[in-house]
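# Working through the structure, step by step
So the chains spell out like this:
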Amino acid sequence: QVQLVESGGGLVQAGGSLRLSCAASGRTQSNADMAWFRQAPGKGRLLVAAISRSGDSTRYVDSVKGRFTISRDKNTLYLQMNSLKPEDTAIYYCNAQGRLYYDGGYVSGTSWGQGTQVTVSS
């Protein structure tokens, strides 16, 4: 199993930046691909960005392209969020053991973190 712990969330003004981190432990060899999801109150959990195991392939939802950057280093997943907007407000979760396909699709794995709250004020 893979254990995930997110951190880095907080309150920021529109236009500001945050850097989220997700520390993975356990059977990290099984989390081939990873991703960040977010969930706003009353909404479903949606994919924000995904990254391949090697880090050489990434995918972003259109609404964050050019503003967010997903990356990974060893057992840590990152999400650099710049030019934040109020609509980015949500709980952000990292996901492991998923699969990023060549066509850009991502199928979530069974490992989820506890989430970290991101609130962007206007």
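Residues numbered from 1 in each chain as written. Predicted model: local features only at pLDDT ≥ 70, side-chain atom pairs only at ≥ 80, totals over all residues. Heavy atoms only, no water.

## Notes on the state of the cysteines
- Overall, the coordinates contain one disulfide when judged by the stated rule.
- Between the sulfur atoms of C22 and its disulfide partner C94 the distance amounts to 1.9 Å. Judged by the sign of its S-S torsion, about 45 degrees, the bond between C22 and C94 is right-handed. With C22 in strand β3 (residues 18–26) and C94 in strand β9 (residues 90–100), the pair connects residues that are 72 residues apart, well separated along the chain.
- Under the relative-accessibility criterion, C22 is labelled buried at 0%. (Disulfide = S-S within 2.5 Å. Helix = DSSP H or I, 4+ residues; strand = E, 2+ residues; numbered from the N terminus. Buried < 20%, exposed > 50% of the residue type's maximum accessible area, 1.4 Å probe, protein only.)

## With respect to the environment of G10
- Structurally, G10 can be placed in strand β2 (residues 10–13).
- For G10, a relative accessible area of 23% gives the class partly exposed.
- Separated by 108 residues in the primary sequence, G10 and V118 place their C-alpha atoms 5.1 Å from one another.
- Apart from residues no more than four positions distant in its own chain, G10 is found in contact with L18, Q117, V118 and T119. (Contact = heavy atoms within 4.5 Å.)

## Comments concerning unusual backbone geometry
- In this structure, S83 is a non-glycine residue whose phi angle is positive, near 50 degrees.
- Its location among the elements puts S83 in the loop between β8 (76–81) and β9.
- On the accessibility criterion, S83 (41% relative accessible area) is partly exposed.
- Not every positive phi belongs to a glycine, and Q97 is a case in point at roughly 70 degrees.
- Within the fold, Q97 resides in strand β9.

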